[in-house]
Amino acid sequence: MDPRRTFWLALLTYGLLSIATFAPTAGASQPGPVAGTVGSAVLVVGAGYALVRPDRAGGPEEWNLVVVAAVAGAALFALGVLFGAV
């Protein structure tokens, strides 16, 4: 898999997990979870667009620290959600 697709998949994964984390607690009286859900949805839409139209979205062209950080961050967040640390 190329680094650009890997980068956007990591961001898509992070966004989906963030929605799953914030959405259940979102309510009109709590603006934080609502903002987190909306921000995560924007991230999911952007990453989804980048995966569908990689020629127009851009992204990392080679394996570098940015790609590794995105993948590691998404993996660590997934582990945190899995074990209830977040």
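As a starting point, this report considers the structure included with it.

Calculation notes
- Residues numbered from 1 in each chain as written.
- Predicted model: local features only at pLDDT ≥ 70, side-chain atom pairs only at ≥ 80, totals over all residues.
- Heavy atoms only, no water.
- Helix = DSSP H or I, 4+ residues; strand = E, 2+ residues; numbered from the N terminus.
- Buried < 20%, exposed > 50% of the residue type's maximum accessible area, 1.4 Å probe, protein only.
- Contact = heavy atoms within 4.5 Å.
- Areas by Shrake-Rupley, 256 points an atom, 1.4 Å probe, with all protein chains shown as cover.
- Lys, Arg positive; Asp, Glu negative; His and termini not counted.
- Charge placed at Lys NZ, Arg CZ, Asp CG, Glu CD.
- Salt bridge = Lys/Arg side-chain N within 4 Å of Asp/Glu carboxyl O.

Remarks on the overall build of the protein
Within the protein, the regular secondary structure consists of four helices and zero strands. Taking the principal axes of the C-alpha coordinates as reference, the protein spans close to 45 × 30 × 15 Å. The buried share of the protein, reckoned over its 86 residues, is 27%. Contacts in the protein between residues at least 24 apart in sequence constitute 71% of all its contacts with a sequence separation of at least 6. Accessible area for the protein stands at about 5,300 Å²; split by element, carbon and sulfur atoms hold 71% of it. Looking at charge distribution, the protein has the averaged site of its 4 positive side-chain charges lying 10 Å from that of its 4 negative ones.

Things to note about the pattern of salt bridges
Scanning all chains against the criterion turns up two salt bridges. One salt bridge connects arginine 4 with glutamate 61, and the closest N-O pair in it is separated by 2.0 Å. Here glutamate 61 lies in the loop between helix H3 (54-57) and helix H4 (65-83) and arginine 4 lies in helix H1 (residues 3-22), a separation of 57 residues in the sequence. Assessed through its relative accessible area of 16%, arginine 4 is described here as buried. Assessed through its relative accessible area of 61%, glutamate 61 is described here as exposed. A salt bridge links aspartate 55 to arginine 53; the shortest N-O distance between them is 3.8 Å.

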